[in-house]
Structure formats: C-alpha cells, structure tokens
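Residues per chain, in single letters:
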Amino acid sequence: MNMDLLAGMPPWVPLAMVALLCIGMAPAHGPLTPRWRVTLAIVAIALAVRYAAWRAGVMWDAPFQSRIEMLWQWFFFAAELALLLEGVLFLLIMSRRRDRHAEADDNARWYHEQLTRDRGASLPTVDVLIPTYNEEWDVLSRTLVGALALDYPHVQVHILDDGGRDWLADRCVEWGVVYHRRPDRAHAKAGNINHALARTSSDLVLVFDADFVAQRDFLQRTVGFFRDETVGLVQVPHHFFNDDPVQANLRIFGEHADDQTFFFSDVMASRDAWGVAFSCGSNSLTRRTALEALGGIPTSSITEDILTSVALLQRGWKTVYLNERLARGLAPEGLSALYTQRARWARGGIQMLFVKEGPIRARGLPLLARLFFLPLSWVASNLALPVMIAGPITFLWFGLVAVPTADGDALMRFQVPMLLATLTATRRLATVQRSTVLSLAHSVFATFRLAPAVAHSLVRPFAVGFKVTPKGKLATGMVVDVRAVMLSGGTILALLLGMLVNGLPDYERLPPDAFLAPSLIWGTITVLVMVVCLLMSFEFRPTREQERFIVNEEHVATDHGVARRVLVVDMSASGAALQWGVARPDPGARVHLQLSDVGTLTAVVRRWIGEVGVGIAFEEMSAEAERYLIAKLFAHGYETHATPASASAGLNRFMRRLLGGSKPRSGPPAWSLGATPPAPSVRGIRPELRRTPETAYPRLTTSVRRAA
C-alpha cells in the first residue's frame, strides 16, 4: 500500500503545492507569527520525512549491478540520512523563537529603582572573571577597560592568568584588579575558572574571554533575570567588531553575515524558546550557588561551557538567552585561528557523548533536550557533505549512480519539493538573511579542516586536549591555504573534465543513463560552490591595525585657537574622519579634538577627504585619555558597518569580483562633499555626552589615578 498521498499526481503537482504554501501564502516580509513558524517548519519536516521514506524504499528494491555499487549507494544513503536528521532537528528548533527584550527593559527599570531606593545596596554582587593565557596586552587591556567601565555598583574584576606572566601581575596591581595564578594548568579554562571560584564569593559570576569588551549596561539588563530563583545562567550573544577571515577573503565586509551572527541571532533565540539555551564560554552570567551545586565547572569536556549548561538543566536550573549585543569581541583573525577554535568546539561536542554529564547519560533531561544537545551539526556536516560532493564525480568518471532509479520525474516529485520547502523555511524562520550559495560554500570549506578532527574524535574523543584560539595582531599580506586550494581546485577540475568527457559522442556512456542530467545540474552547482571555496583559500590580512567605528556625533575641534563644532563621522583608537567644512586645516596642521565624554586629544591632520572632510591621527595621549577613548569606542553601541548584512548584497559583491573584480569607488564619500552621513546601525546605549568621563566611569577613573 502506497502511503504517499501525492503518489498518483503528476510530478509537478507536489512542487506547485509546496511553492504555493511556502512562497505564495507565507508572509514574504517581516516577522512570522508563531503559527506561521510552526506551519513552515512542519511542512519542511514532513517533506523531508517523505523524501527519506522514498529513498529507503528505493534502496530496498534497488537492483545492484555490483558489490561496489551497492556499498557506494548505501554509504551515500547513510550520508543523506545524517543530513536529513540534522535538518529536521534544526527546523524543529527554529519552529519557536523567544524575544526577551521586554524582560531586559523591565530588568533595567528594576535596577534603577534599586539605585533610587537604597543606592543599590540590595543588588547582587558580581565577580567578573577574565581567563587569559597568551593574549597580548593591547587585546587584554580593552577587556579590562570594559569590565571597569561597567555601570553597576558591586563589581570586582579578576584576571585569571594561566600564562604565569609577572608583567601582567604588575599591571593588575596598577589597574586595581585582582590577579590570580594557579600552580598548574590542569583542565585548561575550566580549571582556571574553578580555581578562581574557590577564591571569590560574589552572588553572580560574569565570565569574559580575554578579547571581549563589555557594554556599560551589561549588568543592568541581565542581573534582573536572577529575580527568578530558578534561573541559573544568562547568556548574551558573541558579537565581533572585526570581520571574520571568510568575509575578509571574499571581500564581503559587512555584506554577508557570518555563521556566528546567524547562530546567535536566530538559533540561540530559538533554543531559548525550547528551554535549551546554553553558555558559550564568554558573556555569560551565572548564579554562584548553581555552580556550587555542580561542584564547579565540569572538566570532562573541552567545551566546558555547553557541558555546564547541560548539568544545570539536569538539576532543574533554567538557562536564559538575551538576544542583545551587550559585549563585543575579536573574531579569529586568520583561517588557522578560526579552525583551531571550530575544531575544539567539534571535539568538545563529541566528547559530550561519552561523559556522564552529557546529553546521553545525564539523568533528568527530557528527550528533546537530549536531541538538541547532540553534536549532529558537527558530525553530519563535516562527514556527509564530502560524500555529497563526491556524488556527481563518481558518476561522471566511474558510472556509479548515487541514487538508484532516480529519474527526472522521481526527483521532481520527491527531492525538489523537499529542497524548496527546506530552503524557504530556513530563510523565513531566520531574521539574519544570508546567501544560500555563500553559506553552503562556507560549510563545505569548513569540512577541509574539520572533517579529520571530527572523524578522529569519534574514534578517540579524548586524545586531543584544549587548544587556545590565537588572538591579537597578525602579519599583513596574503597567506594561501594550500590544502583548501588543492581540494577545491581538484574538485572543480574533476567535475569540469567529467562533464566534458560525457558530452563527447565518442566517450558518452552507453546506454544513456537517466541520472546524467541530475548529475550535470548537481555538478554545476558544486563547481560554483567550490569556486567560492577556492577564493576563500587566499587569505588577505588587513593592513589597518585599529577597527574604525561609525560615530556621527558633533564635538568641538580647535585649529589655531579657533574652536568650532565638527561632525566626527568615524573613529578608531588611532584617528578619526571629520566633516569639518570648506575652511579646513592643511595636512600637517596640529588640531585639538575635544570629545565631551573623553577629554581633549591632540591630533595631526593627515589628509583632506573630499571637499569638507579631514582625516586626523591622534598623537600620543595620556593613559587616562587612552582608557576613556577605549571605553567610548568599545563599551557602547557603535558598529563598524553602517548597514546590516543581507542575502543578496554578499552574493552580488562576490559575483562582481568573480566576473571582473569589485570596482573601486568613483569618488570621495558623500559626507565629505557636505552631505549628511547616513544614520549608523546602533545597538545598545550611546555614550553619555553630557557627563564627564570621571562621573561616567568612576571605577575606571579610580583605576587610572591609582596607576598614576
């Protein structure tokens, strides 16, 4: 008996029905209602299950021509099932979404009420823990400035130094923060935090990686969640002020959202709706009594953050995710650093399968929570995607059909509707819009580095220990990922030659195979994806040392004793671009920029920009001014890009580069010709321009003056 209700219809009917539902009926723009979220997810999941059932039936009845063909087709089917299972769980997670902005607003109101009532005496105390190993001072100092600039009364900042650096201990004394050094480095970051937990006593513990800078209102918007006595942990997103290596290599700065933006904006907000949000290592605030109930941070996995979350959920604590950018960090600045980090995450996720606190062995976890914590994304993507790429190659060169009896009608009836529904649901369920081609290429590119680590971890999960993600300055210039070039180029060559050979009458396969047309389409898409991967392999490291933030604020500048209000368009820790006016100082002139929330900075005019703009470079400044400037730039809501990324912008920019290179700007920016700059994309609080830095940052000011 055929259970497929669409079996008797022409092959185009299922596709038309899916297109009508997913494209014609679902709202095309704006946020989806909860009902539409569930509807789109269910339709996509149902079609995925339908496709899997069809594939299983095809495999069961397939007439294999040889043992090699049988093994290949079953192997390919297993890879498809792994990807389908990952996709189904992903769609299930994304069918819900939780927004806690209103709760955070209420937290801020409650905080200010406590300040008014008793000057915050009843507010919980907070220890800020900053684990560090080998980070440079220019990275770590920003983190310290952000921690000291937190607008909250009961904060103590701690540096947890696993590098045993005497100079850092001296700096901590100068800055007025507590320095911790332990006798060994057992259990890496988890052990470092546990060592500090035994020597601190606050109500709440806030952890920042050594490259993350807190926004000033971080605690104002998060501490209030702990009014619920069952909340054990609050996590906020990881947001980065620099472009990740993939964006840099493709020259799509700010136009294509990286995978971390998608994860924190959409996946974590959906996990929160299911009650399975988790700590991500940095930017997490945890109740001390909850950690004490666990006996400290679990050390049996190198991803101690997720394991801690599972252990908390197991014991009845709630984990909360607030989808607000309340801290900014430094993304890995090279492919090697990026995939050192990702490999650690993959290994740690797989280790969780084998430890008692993990999702399989933990007691008291609901079934869905166990499923949602399985490392399927690491295993399926990194081991199954290479098999998908090999499909058209094995057919074009060896005649091995990956999907038996897969003619055009069958694929149109089963596979194409499933793919359409999945792509449509994925795009509409997300708020971050990304190009499907670029996202798929990034996933494929990741397999070049991560597939060996995943395979090795499945066999020997604890053979490789914790590896710190490199952070800080890199040498400039171009670096080539030779492995990625060989794999990408080899795949492109194999596919193009295979298509050419099968297009020649003397070499065309006889008899003609019904799978040839799907293989050609499949191969063409794969070639496009691999071209993107090939371009990702050439790593262009930036020459500018400082990230530039869009400011668009009026401040006072003085030239030869004459003061005037100028517009600070953008600024970094080393200089700024100003909309000055027609009567502007000459290059080489010394000017004074009075930033109302920083102080007066002396600068030299480096160049004219357009007709009314000037670019200035700050001269050496006092330690006090330097810290206030870092607080202004990094502890507020400034962004490095004026507009949010979109699905089309990144792909369009990439295609322009592929077809002839991105054209340089035809002239100076519009603001330098006198136009009003576009309003920047601002997330979070702006600096308090009407307050002096001494009153805005009292703890930071005390630190500066102690050092002086």
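Predicted model, so just to flag it, every value in this text is computed and none were measured.

Caption draft 1: Summary view of the side chain of Thr 261. Turning to its location among the elements, Thr 261 is positioned in helix 10 (residues 259–274). The exposure class assigned to Thr 261 is buried, which follows from its relative accessible area of 19%. Discounting chain neighbours no more than four positions away, the residues touching Thr 261 are Arg 325 and Val 432.

Caption draft 2: Geometry of the pattern of salt bridges. Per the counting criterion, the structure on display carries 27 salt bridges. Between Asp 570 and Arg 548 there is a salt bridge, with the nearest N and O atoms lying 3.1 Å from each other. Here the residue Asp 570 occupies a position in strand 14 (residues 562–571), and Arg 548 occupies one in the loop between strand 12 (538–541) and strand 13 (549–559), the gap between them amounting to 22 residues. You can call Asp 570 buried: its relative accessible area is 16%. On the basis of relative accessibility, which here comes to 24%, the residue Arg 548 falls in the partly exposed class. Residue Glu 554 pairs with Arg 565 through a salt bridge whose shortest N-O separation is 3.3 Å. Here Arg 565 lies in strand 14 and Glu 554 lies in strand 13, a separation of 11 residues in the sequence. Through salt bridges that share partners, Arg 98, Arg 100, Glu 103 and Asp 272 make up one connected network.

Caption draft 3: Examining unusual backbone geometry more closely. With a phi close to 60°, Arg 119 is a non-glycine residue in the positive phi region. Relative to the assigned elements, Arg 119 resides in the loop between helix 4 (101–118) and strand 1 (126–132). A residue is classified by how much of its surface remains accessible, and Arg 119, at 76% relative accessible area, is exposed. Phi angles above zero are rare outside glycine, and His 187 is one such case at about 65°.

Caption draft 4: Focus on the environment of Ala 369. With respect to the helices and strands, Ala 369 occurs in helix 14 (residues 367–372). Here Ala 369 falls in the buried class, since its relative accessible area comes to 7%. Taking the C-alpha atoms as reference points, Ala 369 and Ala 277, 92 residues apart in sequence, are found 10.0 Å from one another.

About the criteria used
Residues numbered from 1 in each chain as written. Predicted model: local features only at pLDDT ≥ 70, side-chain atom pairs only at ≥ 80, totals over all residues. Heavy atoms only, no water. Helix = DSSP H or I, 4+ residues; strand = E, 2+ residues; numbered from the N terminus. Buried < 20%, exposed > 50% of the residue type's maximum accessible area, 1.4 Å probe, protein only. Contact = heavy atoms within 4.5 Å. Salt bridge = Lys/Arg side-chain N within 4 Å of Asp/Glu carboxyl O.

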